[in-house]
Amino acid sequence: MTDMDIEKIADFFTESLRQVLSTMAGFEISHVACDQLNASTDNPIIMGAMVLHGKKDAIISLSMEKDTAAMIIAYMTGILPRELKEQDLFDGVAELVNIMAGEVKARLSNTPHHFLLTSPFSLGGTNFKMVQKKNLLETCRHLKAGEMDITFRIAYI
Amino acid sequence: MDINLYQIFGASTKAIVKEMLNLDIRGMDTLAEETGEISSMGVSSIITFAGSKKGRLLVDLEPSLALYIANTLLGEEFDDIKNRMVLSTVSEINNIVSGDAITKLNNKYSMGLRLAPPIVFTGQDVIVAIPKINSLSSWGETDHGKIRINIAWEGGNN
Amino acid sequence: MRVLSVDDSSMVRKIIKGAVEVLDGELLEASDGIEALELLEEEYKSVDLILLDWNMPRLDGMEVLKRLKGDRRFRSIPVMMVTTESERENIVRAIQHGAVHYLVKPFTIEELIKRIMESLGKGGL
């Protein structure tokens, strides 16, 4: 696994997410440089994550403010954001990660970077901090859909 | 599913905490099904393992206990649970507990399990939701705060 | 028309509900394979189509499919897989075990409606 490999794999995930959001929610996303691996916000956030088991294990995550999650899930389900329960948001963000990872899993099968999916999970809260072990090979992508911001991270652990 | 696949994590948690910190965990003898989201007590760590089955362990600690563990093991006086060293210590405890438990499971059932390194997180009113997997929790109490472990195996609890 | 959606994601079930309602149908929901089989014990006579996810807790979609096709009461209900499992060998496996259609997530609502119609033998829109 090299810096170049992880950047290429991160691009696969970004492309998959772009496709998921375009197909299922009608959002077009663009991506801008991600220079805030440890950025934090005071607003409530929801993060969907999944551990990928491969030759080298990885963790991927997708984080966004709660309002952004509500907007995305609303467009995907056709249900008004105010009618969505918190449980729907946790479930929806975890499912986004699941769909995105499923697509990339198929793309990387028969390559040295193939992996197995595990159950996605979601975390929510404010003043949130997540730590993995040091010296990870990691990268991120900052994605924008209109006013909405989404951060994708991948770390090989 | 064999209840031993769950109980072994409680036994390992008690044994490792006693051995490394000389701290007794009271309780942690029963398991209860978690049906919804899990509200973190302060600091939580998740580790996943895969082999012939896939599963994961969540260790959830009250802030006072997380700080006690870090201060005792590292010999320093941390007072902020967001300190990277505190979080890393909690993560390491999870790693050791899971390593102990899955070694026993591998020896007993030849499951070929291996661990992925843990992640640890903290925040205000943090909620953990694992929609695709059913899980069992076990609670314990120490002189420095509460601890909960939550174990899940894909394929469910039955 | 009554459709049973078996998916552990409530978001996906909500999307499917929207599509079924467009077709003036009614949606029954189960969040895993065990729940689906229990529900079918009571409802199988009035279920016209089953939409089945693959990766679910307790009992996965492939196992559910095998049990459905192995039970003469449920055998005739068409099953469409709706899943993230997009590897060719899994698609082939599902079709070999009796699935009539295989829809990979992500999908558009139009695609979903079209596949539901096709699975019911009513052709596309």
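1. Let's talk about the overall build of chain B
For chain B, the helix and strand inventory stands at three helices and nine strands. Reading chain B from its N end, one meets helices and strands in the order α-β-β-β-β-β-α-α-β-β-β-β. A globule of 158 residues ought to have a C-alpha radius of gyration of about 15 Å, and chain B, at 15 Å, matches this closely. Expressed along its principal axes, the backbone C-alpha trace of chain B runs to roughly 40 × 30 × 25 Å. A fraction of 69% describes how many contacts in chain B between residues 6 or more apart in sequence connect residues 24 or more apart. For chain B, the accessible area works out to roughly 6,300 Å², and carbon and sulfur atoms hold 47% of it.

2. Focus on the nonpolar core
Among the nonpolar cores identified, the biggest contains 68 residues, and Phe 13, Ile 60 and Ile 154 of chain A together with Leu 112 and Ile 116 of chain C are the most heavily contacted of them. Not counting residues up to four positions away in its chain, the partners in contact with Phe 13 of chain A are Leu 52, Ile 60, Met 100, Ala 101, Val 104, Phe 115, Phe 152 and Ile 154 of chain A. Within the second largest apolar cluster, 40 residues are counted, among which are Val 43, Ile 47, Leu 61 and Ile 151 of chain B.

3. Quick notes on the interface of chain A and chain C
By a widely used convention, the size of an interface equals the accessible area lost when the partners come together. The interface is formed by 18 residues belonging to chain A together with 15 residues belonging to chain C. Here chain A packs against chain C, burying approximately 1,600 Å² in sum over the two surfaces, 62% of which is carbon and sulfur. Connecting chain A to chain C are four salt bridges. For Glu 95 of chain A, the salt bridge is made with Lys 105 of chain C, and the minimal N-O distance between the two is 3.1 Å. Going through the elements one at a time, helix 1 (3-25), helix 2 (66-77) and helix 3 (86-108) of chain A are the ones with two or more residues in the side of chain A that touches chain C. Looking at the side of chain A that touches chain C residue by residue, the class counts come to seven nonpolar, seven polar and four charged.

4. Focus: the packing of aromatic side chains
Taken as a whole, this structure holds seven aromatic pairs over all chains when the rule is applied. The interplanar angle of 15° and the centroid separation of 5.5 Å between the aromatic rings of Phe 9 of chain B and Phe 49 of chain B together place this pair among those described as stacked. With Phe 9 of chain B in helix 1 (residues 4-21) and Phe 49 of chain B in strand 4 (residues 43-50), this residue pair connects regions lying 40 residues apart in the sequence. On the accessibility criterion, Phe 49 of chain B (0% relative accessible area) is buried. Pairing Tyr 44 of chain C with Phe 74 of chain C gives two aromatic rings, centres 5.5 Å apart and planes at 70°, and the pair type is edge-to-face. Highlighted residues: Tyr 44 of chain C in the loop between helix 2 (33-43) and strand 3 (49-52) and Phe 74 of chain C in the loop between helix 3 (61-69) and strand 4 (79-83), separated in sequence by 30 residues. With a relative accessible area of 3%, Phe 74 of chain C lands in the buried category.

5. Considerations on the pairing of strand 5 (residues 54-61) of chain B
A regular strand places its side chains so that they alternate between the two faces of the sheet. Residue and element names in this part refer to chain B. For strand 5, the buried fraction is high: seven of the eight residues fall into the buried class. With eight bridges joining them, strand 4 and strand 5 adopt antiparallel strand pairing. Its bridge partner lying in strand 5, Ile 46 is registered against Leu 58. Counting the residues that bridge the hairpin from strand 4 to strand 5 gives three residues. As defined by bridge partners, strand 5 adjoins strand 9 (residues 145-153) across seven bridges and the pair is classed as antiparallel. Within the sheet, the bridge partner assigned to Val 59 lies in strand 9 and is Ile 149.

6. Side note on empty space enclosed by the protein
Counted by the stated rule, this structure contains two cavities of 30 Å³ or more. Of the volumes computed, that of the largest cavity is approximately 90 Å³. In this structure, the largest cavity is lined by Thr 118, Ser 119 and Phe 121 of chain A together with Ile 46, Thr 48, Phe 49, Lys 54, Gly 55, Arg 56, Ile 130, Ile 133 and Glu 154 of chain B. Elements represented by at least two residues in the lining of the largest cavity include exactly strand 4 and strand 5 of chain B. Here the lining of the largest cavity is built from residues that sort into five nonpolar, four polar and three charged.

7. Observations regarding the pairing of strand 4 of chain B
All names here are of chain B. Counting buried residues along strand 4, eight of its eight residues qualify, which places the element largely inside the surrounding structure. Of the two faces of strand 4, the one carrying Val 43, Ser 45, Ile 47 and Phe 49 and the one carrying Ser 44, Ile 46, Thr 48 and Ala 50 are both buried. Across two bridges, the pairing between strand 4 and strand 6 (residues 114-115) is antiparallel. By the bridge assignment for strand 6, Phe 49 is matched with Leu 115.

8. Things to note about the environment of Gln 87 of chain A
All names here are of chain A. Among the structural elements, Gln 87 can be located in helix 3. Note on Gln 87: relative accessible area 39%, which makes it partly exposed. For the pair formed by Gln 87 and Leu 17, sequence separation is 70 residues and the distance between their alpha carbons is 21 Å.

Reading guide: rules and limits
- Residues numbered from 1 in each chain as written.
- Chains lettered and ligands numbered in written order.
- Predicted model: local features only at pLDDT ≥ 70, side-chain atom pairs only at ≥ 80, totals over all residues.
- Heavy atoms only, no water.
- Helix = DSSP H or I, 4+ residues; strand = E, 2+ residues; numbered from the N terminus.
- Rg over C-alpha atoms; globule rule 2.2 N^0.38 Å.
- Contact = heavy atoms within 4.5 Å.
- Areas by Shrake-Rupley, 256 points an atom, 1.4 Å probe, with all protein chains shown as cover.
- Core = buried A, V, L, I, M, F, W, Y, C linked by side-chain atoms within 4.5 Å.
- Buried < 20%, exposed > 50% of the residue type's maximum accessible area, 1.4 Å probe, protein only.
- Buried area = accessible area lost by both parts, 1.4 Å probe.
- Salt bridge = Lys/Arg side-chain N within 4 Å of Asp/Glu carboxyl O.
- Nonpolar A, V, L, I, M, F, W, Y, C, P; charged D, E, K, R; others polar.
- Phe/Tyr/Trp six-rings, centres within 6.5 Å; stacked < 30°, edge-to-face > 60°.
- Pairing = 2+ DSSP bridges.
- 1 Å grid on protein atoms, 1.4 Å probe; cavity = no way out; pocket = protein on both sides within 12 Å on 5 of 7 lines; lining within 4 Å.
- Points joined across faces, edges and corners; volume = space filled by probe spheres on them.

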